[in-house]
Amino acid sequence: MSDRVVVAGAVYDRGRLLAARRSAPPELAGRWELPGGKVEPGESGEQALVRELREELGVETEPLERIPGEWPLKPGYVLRVWTARLVSGVPAPLQDHDELRWLGPGEGDTVDWLEQDRPAVAEAVRRLADG
Ligand code: DCM
């Protein structure tokens, strides 16, 4: 059986990257992630990302590029990440998160990222610096 895909967004706005602190489940609470969630049947990764960011943060976004790679999560799940542009709205922690933070250049290491998000975050931060 193929792995279930979880998508996450490296959301950029005005030269900063959005980080979100999880409030659940208990084993992940307090750790920071690129926000996203599970792809539903019939959805593309990009469609799932736009939906998840709307549900979790109340914003409209536009996926830009896939960050190459795929990272294992819990058994049966893999993480894929896209860069995304904030199109409208102000992100708010509506679901799954209790704090949001915009990280500027040089601030990529200032939050305690989930291990599985770190390779994609490193690449997202590199693109921010090049941007
Ligand atoms: N997840 C992760 N990193 C992300 C997004 C999600 O490790 N950037 C994990 C947390 C959950 C699963 O994927 O185990 C599904 O996420 P959610 O609960 O947000 O739907």
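Numbering of residues starts from 1 in every chain and runs along the sequence as written. Totals for whole chains, interfaces and linings use all residues, but because this is a predicted model, local features are given only for residues with pLDDT of at least 70 and pairs of side-chain atoms are given and counted only at 80 or more. Side-chain metrics in this entry use all non-hydrogen atoms of the structure; hydrogen atoms and water are not considered.

Visitor: So what exactly am I meant to see when it comes to the side chain of Glu52 here?
Guide: Its place among the elements puts Glu52 in helix α1 (residues 45–57). When checking whether two residues touch, look at their non-hydrogen atoms; a contact exists if any pair is within 4.5 Å. Look past the residues within four positions of Glu52 in its chain and what remains in contact with it is Gly36, Gly37, Lys38 and Leu57. A helix here means a DSSP run of H or I that spans at least four residues, while a strand means a run of E at least two residues long, and both kinds are numbered starting from the N terminus.

Visitor: Even after reading the chapter, I still don't get the site of the ligand, so can you show me in this structure?
Guide: As a structural note, the neighbourhood of the ligand is formed by 17 residues, with Arg22, Glu33, Leu34, Gln116 and Asp117 the closest of them. Leu34 has a polar backbone atom sitting 2.6 Å from a nitrogen atom of the ligand. Any N or O atom pair separated by 3.5 Å or less is treated as a polar contact, with the protein-specific requirement of one donor-capable and one acceptor-capable atom, and with residues adjacent in sequence counted only for side-chain atom pairs. Contact between the ligand and Lys74: an oxygen atom at 3.5 Å from a side-chain N or O atom of the residue. Put plainly, a pocket is an open set of points on a 1 Å grid over the protein atoms alone with protein on both sides within 12 Å along at least five of seven lines, a cavity is a set where a 1.4 Å probe fits but cannot get out, and a lining residue has an atom within 4 Å of a point. Being in a pocket or cavity means that more than half of the molecule's atoms lie within 2 Å of its grid points. Judged by the proximity of its atoms to the pocket grid, the ligand belongs to the largest pocket. Being near a molecule or strand, for a residue, comes down to having at least one heavy atom within 4 Å of it.

Visitor: Can you help me understand the pairing of strand β1 (residues 4–13) in this one?
Guide: Each residue is assigned to one of three classes by its accessible area relative to the maximum for its type, calculated with a 1.4 Å probe on protein chains only: buried under 20%, partly exposed between the two thresholds, exposed over 50%. Within β1, nine of the ten residues are buried, leaving the element largely enclosed by the surrounding structure. Note on pairing: DSSP must find at least two bridges between two strands before they are called paired. Pairing geometry for β1 and strand β6 (residues 77–88), over nine bridges, is parallel. What sits directly across from Val5, in β6, is Val78. Inspection of the sheet shows β1 paired to strand β4 (residues 36–38) by three bridges, in the antiparallel sense. The residue of β4 that forms the bridge with Val6 is Lys38. Relative to strand β2 (residues 16–22), β1 runs antiparallel, the two sharing two bridges.

Visitor: Honestly, helix α2 (residues 118–130) in this entry has me stumped. Any pointers?
Guide: Helix span, expected: 1.5 Å multiplied by one less than the number of residues in the helix. Taking 1.5 Å per residue, 13 residues should reach 18 Å; α2 reaches 18 Å between its end C-alpha atoms and fits that length. When α2 is considered as a whole, its buried residues turn out to be Ala120, Val121, Ala124 and Leu128. Down the axis of α2, the sector holding all buried residues measures 100°, keeping them to one side. Those residues of α2 that are exposed and angled more than 90 degrees off the buried face are Ala129 and Asp130. Against β1, β2, β5 (60–72), β6 and β7 (97–103) lie the buried residues of α2. Each direction from the helix axis to a C-beta atom contributes to the arc, which is the arc of those directions.

Visitor: Quick question: what am I supposed to make of α1 here?
Guide: Residue pairs spaced three or four apart in an α-helix point in one direction, given the helix's 3.6 residues per turn. Taking 1.5 Å per residue, 13 residues should reach 18 Å; α1 reaches 18 Å between its end C-alpha atoms and fits that length. Of the residues making up α1, those classed as buried are Gly45, Ala48, Leu49, Val50, Arg51, Glu52, Leu53, Glu56 and Leu57. Two residues or fewer after α1 comes Gly58, characterised by a positive phi angle close to 70°.

Visitor: I'm lost on the pattern of salt bridges in this one. Help?
Guide: Side-chain pairing between opposite charges can occur once the charged atoms of the two side chains come close. Here, a salt bridge means any side-chain nitrogen of Lys or Arg that lies within 4 Å of a carboxyl oxygen of Asp or Glu. In total, this model carries 20 salt bridges according to the counting rule given. Arg118 is paired through a salt bridge with Glu115; the nearest N and O atoms lie 3.5 Å apart. Judged by its relative accessible area of 35%, Arg118 falls in the partly exposed class. A salt bridge links Arg126 to Glu123; the shortest N-O distance between them is 2.8 Å. In this pair, Arg126 and Glu123 are both assigned in helix α2, three residues apart and thus about one turn of the helix distant. The structure contains a network of salt bridges with shared partners spanning Arg21, Asp98, Glu99 and Arg101.

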